[in-house]
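Structural features, examined
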Number of protein chains: 2
Amino acid sequence: METTSNFSITILGNSAAIPTKNSHLSSQVVVNHNNYYLIDCGEGTQLQLIRYKIKYHKIDNIFISHLHGDHFFGLIGLLSTYHLLGREKPLNIYGPPALKLLIEMQLKVVQTKLKYELLFHELDNDNYNPIFENKDISVYSFPLVHRVPTWGFKFEQKQKKLNIKKSFVELFNPSIEEILNIKNGENFVCKDGAIIPNNEITTPPQQPLSYAYCSDTRYDISIMKYIIDVSVLYHEATFDSSMQDKAHEKFHSTARDAANMAKNANATKLILGHFSARNKELTSLLAEACVIFENTIISEEGIEYLIS
Amino acid sequence: METTSNFSITILGNSAAIPTKNSHLSSQVVVNHNNYYLIDCGEGTQLQLIRYKIKYHKIDNIFISHLHGDHFFGLIGLLSTYHLLGREKPLNIYGPPALKLLIEMQLKVVQTKLKYELLFHELDNDNYNPIFENKDISVYSFPLVHRVPTWGFKFEQKQKKLNIKKSFVELFNPSIEEILNIKNGENFVCKDGAIIPNNEITTPPQQPLSYAYCSDTRYDISIMKYIIDVSVLYHEATFDSSMQDKAHEKFHSTARDAANMAKNANATKLILGHFSARNKELTSLLAEACVIFENTIISEEGIEYLIS
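Everything numeric in this text was worked out from a predicted model, so none of it was measured. (Residues numbered from 1 in each chain as written. Chains lettered and ligands numbered in written order. Predicted model: local features only at pLDDT ≥ 70, side-chain atom pairs only at ≥ 80, totals over all residues.)

1. As for the interface of chain B and chain A
Spelled out, the test is: Remark: residues whose backbone-derived C-beta atoms lie within 7 Å of one another are considered to be in contact. Helix and strand assignments follow DSSP, with helices taken as H or I runs no shorter than four residues and strands as E runs no shorter than two, numbered in order from the N terminus. Residue type decides the class: Asp, Glu, Lys and Arg count as charged, Ala, Val, Leu, Ile, Met, Phe, Trp, Tyr, Cys and Pro as nonpolar, and the leftover types, Gly among them, as polar.
The interface is formed by 30 residues belonging to chain B together with 30 residues belonging to chain A. Those elements giving two or more residues to the side of chain B that touches chain A turn out to be helix H1 (45-51), helix H2 (75-84) and helix H3 (98-109) of chain B. Across the side of chain B that touches chain A, the residue classes break down as 16 nonpolar, eleven polar and three charged.

2. Topic: the sheet that holds strand S15 (residues 232-236) of chain A
All names here are of chain A. Using the following cut-off: Strands are labelled as partners when DSSP assigns at least two bridges between them. Here an angle of 0 to 180 degrees is reported between the N-to-C directions of two axes, which are lines fitted to C-alpha atoms, with helices fitted over the stretch in contact.
The strand order across the open sheet formed by seven strands is S7-S8-S9-S14-S15-S16-S17, and the pairing between neighbours is mixed. In the strand order of this sheet, the two ends are held by strand S7 (132-133) and strand S17 (296-298), each with one partner. In terms of strand pairing, strand S14 (residues 210-214) meets S15 through four bridges, oriented parallel. Note on S15: the bridge partner recorded for Tyr211 is Val232. Contacts between helix H10 (residues 283-292) and the sheet are confined to strand S16 (269-273) and S17, with S17 contributing the most and set at about 170° to the helix.

3. What to know about the nonpolar core
Rules: By convention in this section, buried Ala, Val, Leu, Ile, Met, Phe, Trp, Tyr and Cys residues joined through C-beta atoms within 7 Å make up a nonpolar core. Remark: C-beta atoms are placed from the backbone, and a residue is labelled buried if 20 or more other C-beta atoms sit within 10 Å of its own, exposed if 12 or fewer do, or partly exposed between those counts.
Residues A:Leu233, A:Leu270, B:Leu233 and B:Leu270 are the most contacted members of the largest nonpolar core, which totals 143 residues. Ignoring anything within four residues of it in the chain, the contact list for B:Leu233 reads B:Ala212, B:Cys214, B:Ile227, B:Met261, B:Ala262, B:Ala265, B:Ala267 and B:Leu270.

4. Some remarks on the relation of the copies chain B and chain A
What relates the two chain copies is a rotation about an axis together with a slide along it. Basically, it comes down to this: Copies are brought into register by a least-squares superposition over C-alpha atoms of residues with pLDDT of at least 70 in both.
In screw terms, the move from chain B to chain A is a rotation of 179° and a rise of 0.0 Å along the axis, fitting with an RMSD of 0.1 Å. Here the two chains are linked by the operation of a two-fold rotation axis. If distances are taken from each C-alpha of chain B to the rotation axis, the shortest is found for B:Gly44, at 2.6 Å. Mapped onto chain A, 100% of the interface residues of chain B are again interface residues, and the two copies thus contact each other with one and the same surface.

5. Comments concerning the domain arrangement of chain A
Bring the parts together and some accessible area is lost; that lost area is often taken as the interface size. Rules: Segment limits for the domains were obtained from an automatic or database-derived domain assignment.
Here chain A is described as being made up of domain 1 (7-160 + 206-306) and domain 2 (163-203). Centre-to-centre, using C-alpha coordinates, domain 1 of chain A lies 43 Å away from domain 2 of chain A.

6. Digging into the sheet that holds strand S6 (residues 118-122) of chain A
Residues and elements named next belong to chain A. If you walk across this open sheet you meet the seven strands as S6-S5-S4-S3-S2-S1-S18, and the pairing is mixed. Of all strands in the sheet, those bounded by a partner on one side alone are S6 and strand S18 (304-306). Going across the sheet, the axis of each strand differs from the next one's by a mean of 20°, ignoring polarity. Two elements, strand S3 (residues 35-41) and strand S4 (residues 59-63), share four bridges in a ladder whose sense is parallel. Bridging across to S4, Tyr37 finds its partner in Asn61.

7. Observations regarding helix H2 (residues 75-84) of chain A
Residue and element names in this part refer to chain A. With respect to burial, H2 is a largely interior element, nine of its ten residues being buried. Residues Leu75, Ile76, Gly77, Leu78, Leu79, Ser80, Thr81, Tyr82 and His83 constitute the buried set of H2. Contacts made by the buried residues of H2 are with S3, helix H1 (45-51), strand S5 (91-95), helix H3 (98-109) and S6. Two residues or fewer after H2 comes Gly86, characterised by a positive phi angle close to 85°.

8. Looking at the packing of H3(A) against H3(B)
Rule in force here: Note that the term roughly parallel is reserved for angles under 35 degrees, roughly antiparallel for angles over 145, roughly perpendicular for angles of 65 to 115, and oblique for everything else. Whether a crossing is left-handed or right-handed is set by the direction in which the near helix is turned from the far one by less than a right angle, anticlockwise for left-handed and clockwise for right-handed.
Where H3(A) meets H3(B), the axes come as close as 11 Å, and the angle between the chain directions of the two elements is 165°. It follows from the interaxial angle that H3(A) and H3(B) lie roughly antiparallel. In this structure, H3(A) crosses over H3(B), and the sense of that crossing is left-handed. Only B:Ala98, B:Leu102, B:Met105, B:Gln106 and B:Val109 of H3(B) make contact with H3(A), whose side of the interface consists of A:Ala98, A:Leu102, A:Met105, A:Gln106 and A:Val109. Across the contact of H3(A) with H3(B), the residue classes break down as eight nonpolar, two polar and no charged.

9. Things to note about the confidence of the model for chain A
Our working definition: Every residue gets a pLDDT, meaning the predictor's confidence in that residue, from 0 to 100.
Averaged over every residue, the pLDDT of chain A is 95; residues scoring 70 or more account for 98%. The complex prediction reports pTM at 0.92, with the ipTM value standing at 0.90.

10. Here's the deal with unusual backbone geometry
Following A:Ser215, the chain continues to A:Asp216 via a peptide bond in cis, the omega torsion being 5°. Within the secondary structure layout, A:Asp216 lies in the loop between S14 and helix H7 (224-227). Phi is positive for A:Lys53, which is not a glycine, with a value near 55°. Tracing the chain through its elements places A:Lys53 in the loop between H1 and S4. Phi angles above zero are rare outside glycine, and B:Ala17 is one such case at about 70°. By the element assignment, B:Ala17 lies in the loop between strand S1 (7-13) and strand S2 (27-32).

11. Examining the environment of A:Gln46
In this fold, A:Gln46 is placed in helix H1. Placed 42 residues apart in sequence, A:Gln46 and A:Glu88 show a C-alpha to C-alpha distance of 18 Å. Look past the residues within four positions of A:Gln46 in its chain and what remains in contact with it is A:Gly74, A:Gly77, A:Leu78, A:Thr81 and B:Pro19.

12. Let's talk about the packing of helix H9 (residues 255-264) of chain A against H10(A)
All names here are of chain A. Look at H9 against H10: their axes get within 8 Å of each other, and the N-to-C directions meet at 30°. Comparing their axes, H10 and H9 come out roughly parallel. Crossing of H9 over H10 shows right-handed handedness. Listed contacts from H10 to Ala255, Arg256, Ala258, Ala259, Asn260 and Lys263 of H9 are Leu285, Glu288, Ala289 and Ile292. Taken together, the residues of the contact of H9 with H10 break down into six nonpolar, one polar and three charged.

13. Some thoughts on the environment of A:Ile76
Tracing the backbone shows A:Ile76 in helix H2. A count of 23 C-beta atoms within 10 Å places A:Ile76 in the buried class. Residues in contact with A:Ile76, not counting those within four places in the same chain, are A:Ile103, A:Gln106, B:Gly69 and B:Phe73.

Dropping the structure here:
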């Protein structure tokens, strides 16, 4: 699959706990400016990456939300495949502390010394600094409310610089240094000393977009502060609201919970996922969410959703 | 898939090392008299079991040939799914010693206490006694020649008892005890003391059938004694014979090696599997094998092969 957008997610699996014939375990790919990020890696993820023609060799950063098997049992297979295919560039894994030990033990048992460097980054709740960033994006982790330590992830595009109007460039032919200064908000000083205010020669940049992944979690207001004003929220909806008590007991959410989270967070769009196999059809989940938050969709495997 | 035969195998995956779009990692199901056995369990095996409608709840015995990831990384996921679906009956796993530790560690990390008993049986080379048997079949393990300790498996139907001719039963109306004695080879004593020889009132039973799984292994004559006169031999053919040196170096076989093994073992049929992704098409493998051993086929996923 050739990604067509600057910022998108592609769902590889949205099934809770056990796979079904047409529904795979949790995993998705975030693409921003041709950088590929993998969130969660349930069993069969490498097969889904092949099936949907994702350029998985571009993935340099993998984020694992928690250590329930349906979210990471596919990781060791993907790491092995990278090794067998001769990967040389380092791979970063952001996950719960025990993940490093588990992966290293498996590699030891199968007597594999990876040809590339595996860099583990343990998630914690000590602060809210980015766990990853480059010139385009920052990635944050934040605590969810589940039976085991679990983290959500937020991908936040960086504020872009001002756009300079073409007409100004054609007329005044500014130097590279002057262009950089103007993009940073400075006024332009003409050769005769006249000053042109910045706001006359620039237009505002595109508003930064953001994406948050919340799975698995109980509905809990403490999460809100991390996802306020997010552009697109992927939120688990393991059950429908007829199973509210079970959802609470199992530290999961209903579709209604997810919609309330999106509404209160002032999200632009909600994508529901992590469906229990009990849900024979998902329209009831969509219906109960849309009553609360209209711009809701049901995630579908293999579909690339643009973050906008 | 409803198995139609008393004795069959269904291939779930026959790809070496890494999966491809249409080819999954090593795993297959042996069915004998409605008992289900799983051999190897590469990543995605539980998905393949679902895809091909195998009644995987009937599997009570899983055989793992060796600890290379492509042969067992799907095991932990399958065990978890059994747990989540409420399995209660014990599950037996026959595999290399380190497998127990690895599975137990993974279960500990994901905080899962299985609802059913997991019984590990360590493979060794100390003797050639059955590692499993019931009234219909015996299963043996034997050492293969690979980079790590690896075992092949032989499923051998037990010798059936003699069949009593219908005409005799109608005429002499023997008691149950007499029937059992006749089936065990005894003569029949009439009420008047006359003796009817056993061979006049019985027909020989069907010859016991056998199936051997040899993957992964280098061609090595030491294996022959374990598979002599096997009915159906599944043998790895990772490469074609143009890559004989590489096969030897990597402790794998070519299709020609596999055919020589089948020929020398006096097998009835050879099924080739464990194909490297380098083999763009498999007809050349089949061709080179058939020159040596005519009754060769290329294994195909989802196909049930009768052992006959």
